[in-house]
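So the chains spell out like this:
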Amino acid sequence: MPLLSVQNLRVELKTRDGIFPVIDDVSFTLDEGENLAIVGESGCGKSMTALALMGLVPHPVGRLAAGQILFADEDLAQANETRMRSLRGNEISMIFQEPMTSLNPVYTVGEQIAEVLRRHQGLGDKAAWAQAVDLLDAVGIPNARTRAEAYPHQMSGGQRQRVMIAIALACRPKILIADEPTTALDVTVQAQIFDLLHELREQTGTAMILITHDMGVVAEMAERMIVMYAGRRVEDGPVADVIATPRHPYTRGLISCVPHLTETLTDERPQLTEIPGIVPSLKTFGQDNCLFAERCAHASDQCQSGRPQDVVMGTQRVACWHAETIA
Amino acid sequence: MSDQTQPAERASSPLAETVQMFLKNHAAVVALVVLTCIVIGAVVGPFVYPNDPFDMVWAPFSPPGEEGYIFGTDYLGRDLAAMIVHGAQVSLTIGLAAAFMSVFIGITIGALAGFYRGWVEEVLMRFTEFFQVLPTLLFSMVIVALFGASLVTVTIAIGAVSWTAVARITRAEFLRIRELEYVMASRSAGAGNLKLMFGVILPNAAPPIIVQAALMVGTAILFEAGLSFLGLTDPNVVSWGQIIGSNRQYILDAQWTVTIPGLAIFVTVLAISLVGDGLNDALNPKLRQR
């Protein structure tokens, strides 16, 4: 039985022009200790999926309209705020994109870690502080004992993200959601952070949902991936299979944007391709057609007339009318 | 590792930095010294002048210095120095209490409005605006007139008319800070609404509120002086405004009876304002580069 099972999730956003589904009928599962990547361009509903899992869909603009989020036999979509609060940071944790701004500037980093431990594990001041220092040490902050008394502005971006990871993993959560954890960091630091996440995951057995738009990161970090487009899941499957044989034209587009995934250095490289156009506006979300059609080279009348159903192709699932013919 | 090049120096706290910045503002430091002297005077003074300041001690209208009465006597022959010293306690107490009250009301209303938005904000801000458009002096006069003139009612009257500024500043800061990522991060770590409001957002919203509160002590003292000048104060307790009010008819014959308490108010309020200004510089990171 999977650790987390999301069924037909639908999240609606209220805008001036009406109500639109920013997440439209998305289902997926996450096994214990598994590393799942959610991939897509900006505005595809990746981050909203993460917030929905945490029960943090922005209120009152957003609403979890339908679907189930089953976590250990409990439907989080129906859970009340008190219950969600006891899960957040405890069973399910999240790290954010911007380490520069996701720490509270008025408290020391040690205090911010200790606070989570006091809240969820009922530790006393001293025990929580001691464990906070240990955690800082575990995430690779040198001189953890003195650095615990530092304020966020006295740390570099990479160090702050390490602190965020320490906060997120303080209570040994079952699920860690990482929302573009390295986008704001430079490349060498990115690698260090991913190494750290790898290492800590091996130690703790935490399952991870990695939200990213970077196919390179996916290939390196994840075992399974979901490709999202305009609030819908367009493809999912094991990372190796999806990258080797992407079935959905959108997935192909994403992969051909990245140089080293498809070509080795000795091959003659074709020009990098881009996906023409941009993600459609929220207004068109939820229409009964393929939302990728207007950017797709393979689009036909069929794509405009109905929403494509999932097609199972080997280990992958694809939502495309032409999945079999263009493969 | 490249992200760990920073020296592991002992962290200097934001408090220490603020104190450093404050000390650079010489006017504010001088004002703080003056203010401290006034506070010490208000605390120690009544021991130096242990008798009732309303007692007649010498001939009326004695100019300052005569017979050892350094500030002279007023129209009833009362020792002006004793009255100033006893009045200082009353003026400062009312100023602090009224400022505390308006900060308390203002933060509560502003925080709830800015945090919850929606109808809560609508209701609370319309309520705030209602208090804002009331003519302040008139409204506080009505309160004192209705409920009787005592220190408590005067304090409440001043607090009730001056909290709106704090509420609006608090709400504005909450609106800004609630959207910042660390609030979402705290929420995702399991923090509840109360914790978010008063443990996460409020400490970050504190600087402008602290400055406003400091300035408000000054305004409250002025307000109290205004009310007691008009006679709307506890007649059994000396306060600076009351001294001015009761001696106002004799301003041409004995100008010191009005000038000296007036100066006391002026110096105190000025000192508080300068300290508030210094706090503003010290707490506002954008001004730190000056």
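Residues numbered from 1 in each chain as written. Chains lettered and ligands numbered in written order. Predicted model: local features only at pLDDT ≥ 70, side-chain atom pairs only at ≥ 80, totals over all residues.

1. Some details on the pairing of strand S10 (residues 232-238) of chain A
Residue and element names in this part refer to chain A.
And step 1. Of all the 7 residues making up S10, 6 are buried; the element is thus mostly covered by neighbouring parts of the structure.
And step 2. Between strand S9 (residues 224-229) and S10, which follow one another and run antiparallel, lie 2 residues, and Ala-230 among them has a positive phi close to 50 degrees.
And step 3. Bridge analysis of S10 against strand S12 (residues 316-319) gives 2 bridges, and the strand direction is antiparallel. Bridge pairing in S12 places Glu-235 opposite Val-318. (Buried ≥ 20, exposed ≤ 12 C-beta atoms within 10 Å, placed from the backbone. Helix = DSSP H or I, 4+ residues; strand = E, 2+ residues; numbered from the N terminus. Pairing = 2+ DSSP bridges.)

2. Observations regarding the sheet that holds S9 of chain A
Residues and elements named next belong to chain A.
And step 1. In space, the 8 strands of this open sheet follow the order S6-S7-S8-S3-S9-S10-S12-S11, with mixed pairing throughout. Of all strands in the sheet, those bounded by a partner on one side alone are strand S6 (92-95) and strand S11 (310-313). Across this sheet, the average inter-strand angle for adjacent strands is 20 degrees, counted without regard to direction.
And step 2. Judged from the 5 bridges that link them, strand S7 (residues 175-179) and strand S8 (residues 207-212) form a sheet pairing that is parallel. What sits directly across from Ile-177, in S8, is Ile-209.
And step 3. Across the sheet, helix H6 (residues 157-169) lies against S6 and S7, angled at about 170 degrees from S6, the strand it touches most. (Axes fitted to C-alpha atoms, helices over the stretch in contact; angles between N-to-C directions. Contact = placed C-beta atoms within 7 Å.)

3. Looking at helix H10 (residues 249-256) of chain A
And step 1. Counting buried positions along H10 of chain A gives 6 out of 8 residues, so the element sits mostly inside the fold.
And step 2. Listed in full, the buried residues belonging to H10 of chain A are Pro-249, Tyr-250, Thr-251, Gly-253, Leu-254 and Ile-255 of chain A.

4. As for the sheet that holds strand S1 (residues 4-15) of chain A
All names here are of chain A.
And step 1. As summarised here, the arrangement of the 4 strands in space is S2-S1-S4-S5, forming an open sheet in which the pairing is antiparallel. Every other strand in the sheet has two partners, leaving strand S2 (18-30) and strand S5 (74-75) as the edge strands with one partner each.
And step 2. Sheet analysis places S1 next to strand S4 (residues 62-71), joined by 8 bridges and oriented antiparallel. Among the inter-strand pairings, Leu-4 is bridged to a residue of S4, identified as Phe-71.
And step 3. Docked against the sheet, helix H1 (residues 46-54) engages S1, S2 and S4, running at close to 75 degrees with respect to S2.

5. Comments concerning the environment of Ala-264 of chain B
Residue and element names in this part refer to chain B.
And step 1. Considering the arrangement of structural elements, one finds Ala-264 in helix H11 (residues 256-283).
And step 2. A count of 23 C-beta atoms within 10 Å places Ala-264 in the buried class.
And step 3. Each C-alpha atom, one on Ala-264 and one on Ala-88, is 8.3 Å from the other, the two residues being 176 residues apart in sequence.

6. What to know about the domain arrangement of chain A
Residues and elements named next belong to chain A.
And step 1. Domain annotation of chain A identifies domain 1 (4-91 + 178-326) and domain 2 (102-170).
And step 2. Centre-to-centre, using C-alpha coordinates, domain 1 lies 30 Å away from domain 2.
And step 3. On the side of domain 2, 10 residues touch domain 1, which itself brings 13 residues to the contact.
And step 4. Looking at the side of domain 1 that touches domain 2 residue by residue, the classes come out as 8 nonpolar, 5 polar and no charged. (Domains from an automatic or database assignment. Nonpolar A, V, L, I, M, F, W, Y, C, P; charged D, E, K, R; others polar.)

7. Topic: unusual backbone geometry
Residue and element names in this part refer to chain A.
And step 1. Backbone geometry at Asn-8 places phi at a positive 50 degrees, although glycine is not the residue there.
And step 2. Even without glycine at this site, Asp-73 takes up a positive phi of about 65 degrees.
And step 3. Note on placement: Asp-73 falls in the loop between S4 and S5.
And step 4. Overall, the presence of 7 C-beta atoms within 10 Å leaves Asp-73 in the exposed class.

8. Thoughts on the nonpolar core
Residue and element names in this part refer to chain A.
And step 1. With 181 residues, the main nonpolar core has Ala-37, Val-39, Ile-113, Ala-132, Ala-166, Ile-177 and Ile-209 as its most contacted residues.
And step 2. Counting contributing residues per domain, this core is built from domain 1 (4-91 + 178-326) and domain 2 (102-170), each supplying no fewer than three.
And step 3. In this view, Ala-37 contacts Leu-210, Thr-212, Val-218, Met-221, Ala-222, Met-225 and Val-239; residues no more than four positions away in its chain are not counted. (Core = buried A, V, L, I, M, F, W, Y, C linked by C-beta atoms within 7 Å.)

9. Digging into the confidence of the model for chain B
Residue and element names in this part refer to chain B.
And step 1. Averaged over every residue, the pLDDT of chain B is 85; residues scoring 70 or more account for 93%.
And step 2. When pLDDT is averaged over each element of chain B, helix H7 (residues 164-177) comes out on top at 94 and helix H1 (residues 14-24) at the bottom at 81.
And step 3. Overall, residues 1-11 carries pLDDT values under 50, and its contacts beyond four positions in sequence, including any with other chains, amount to 21 contacts. (pLDDT = per-residue confidence, 0-100.)

10. Some points on the packing of helix H4 (residues 118-133) of chain B against H7 of chain B
Residue and element names in this part refer to chain B.
And step 1. The N-to-C vectors of H4 and H7 enclose an angle of 145 degrees; their axes lie 9 Å apart at closest approach. Relative to H7, H4 is oriented so that their crossing is left-handed. Across the interface between the two elements, Met-125, Thr-128, Phe-131 and Gln-132 from H4 touch Thr-164, Ala-167, Arg-168 and Arg-171 from H7.
And step 2. For the contact of H4 with H7, the class distribution of residues is 3 nonpolar, 3 polar and 2 charged. (Left-handed = near helix turned anticlockwise from the far one by under 90°.)

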